[in-house]
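# Commentary on secondary and tertiary structure
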Amino acid sequence: MSDIQKAVAFYEGKLGLQALQSGPSAAVVDGSRVYGSGGGPALNVYQSVTAGKTPATLATWYVDDIDQIVDELASSGVEFIRYDQLAHDAKGITARAGGGRIAWFQDPDGNTFALEADV
């Protein structure tokens with residue numbers, strides 16, 4: 001993230017992740033967070049000048065009920081991405097290659113994340 005405070009507002013406020021620890025990131029005191037997900041440490045977020053520079057999906061959460069999670073995140077203000085070349089339902093969920101369903105969203109810097117479910 002280009003700004004750790006914006007990251008905290010998004011990851012903790014909108015996604016509801018719990019910070020397990022915080023620490024320095026390069027020259028930024030308290031510029032990183034490790035978030036828990038699925039019962040253990042899962043995501044390290046840190047302040048960086050290269051934030052949002054990759055078009056690739058940086059992390060994917062595999063969930064049992066994608067409709068419920070998308071609804072919860074949308075009600076928290078998370079916007080789901082709709083790619084022109086894919087058919088999405090009203091929530092922004094699309095069929096996943098090989099079966100299942102997927103939905104993408106971005107953090108404030110444009111880093112892309114996904115939710116996937118087998119059904």
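The structure we're discussing is the one just above.
This write-up is about the structure you can find in this document. (Residues numbered from 1 in each chain as written. Predicted model: local features only at pLDDT ≥ 70, side-chain atom pairs only at ≥ 80, totals over all residues. Heavy atoms only, no water.)

### Some points on the overall build of the protein
- On a plain count of helices and strands, the protein comes out with 2 helices and 8 strands.
- Rg of the C-alpha trace for the protein: 15 Å, near the compact-globule value of 14 Å for 119 residues, within the 12% margin.
- For the C-alpha atoms alone, the extent of the protein along its principal axes is close to 45 × 30 × 25 Å.
- Looking at the 119 residues of the protein, the share that counts as buried comes to 39%. (Helix = DSSP H or I, 4+ residues; strand = E, 2+ residues; numbered from the N terminus. Rg over C-alpha atoms; globule rule 2.2 N^0.38 Å. Buried < 20%, exposed > 50% of the residue type's maximum accessible area, 1.4 Å probe, protein only.)

### Examining the environment of Ile102
- In this fold, Ile102 is placed in strand 7 (residues 101–106).
- The contacts of Ile102, once residues within four sequence positions are left out, are Ile66, Gly92, Ile93, Thr94, Ala95, Arg96, Ala114, Leu115 and Glu116. (Contact = heavy atoms within 4.5 Å.)

### Examining the pairing of strand 2 (residues 28–37)
- Looking at chain direction, strand 1 (residues 18–25) and strand 2 are connected through 6 bridges and run antiparallel. Bridge pairing in strand 2 links Ser25 to Val28.
- Between strand 1 and strand 2, which follow one another and run antiparallel, lie 2 residues, and Ala26 among them has a positive phi close to 55°.
- In the sheet, strand 2 pairs with strand 3 (residues 40–46) via 6 bridges, with the strands oriented antiparallel. For Arg33, the partnering residue across the bridge sits in strand 3 and is Val45.
- Once strand 2 ends, the chain turns through 2 residues before running back antiparallel as strand 3, passing Gly38 with a positive phi of about 70°. (Pairing = 2+ DSSP bridges.)

### Comments concerning the pattern of salt bridges
- Scanning the entire structure with this criterion turns up 7 salt bridges.
- Asp67 is the salt-bridge partner of Arg101, the closest N and O atoms lying 2.8 Å from each other. Here Arg101 is found in strand 7, whereas its partner Asp67 is found in helix 2 (residues 66–75), with 34 residues between them in sequence.
- By relative accessible area, which is 21% here, Arg101 ends up partly exposed. (Salt bridge = Lys/Arg side-chain N within 4 Å of Asp/Glu carboxyl O.)

### Things to note about the sheet that holds strand 3
- Read across the sheet, 3 strands follow the order 1-2-3 without closing on themselves; strand pairing throughout is antiparallel. The sheet is open, and its two edges are formed by strand 1 and strand 3, each paired on a single side. Between one strand and the next, the sheet's axes are offset by a mean angle of 30°, whatever the strand orientation.
- Across the sheet, helix 1 (residues 4–14) touches strand 1, strand 2 and strand 3, and the angle it forms with strand 2 is around 15°. (Axes fitted to C-alpha atoms, helices over the stretch in contact; angles between N-to-C directions.)

### What about the layout of surface pockets?
- In this structure, the largest pocket encloses a volume near 250 Å³.
- In terms of lining residues, the largest pocket is bounded by 16 residues, among which Met1, Asn44, Tyr46, Leu58 and Asn111 are the most central.
- Here the element with the most residues in the lining of the largest pocket is strand 3; it accounts for 4 residues.
- Split into classes, the residues belonging to the lining of the largest pocket amount to 8 nonpolar, 6 polar and 2 charged.
- Reported here for the second largest pocket is a volume of approximately 200 Å³. (1 Å grid on protein atoms, 1.4 Å probe; cavity = no way out; pocket = protein on both sides within 12 Å on 5 of 7 lines; lining within 4 Å. Points joined across faces, edges and corners; volume = space filled by probe spheres on them. Nonpolar A, V, L, I, M, F, W, Y, C, P; charged D, E, K, R; others polar.)

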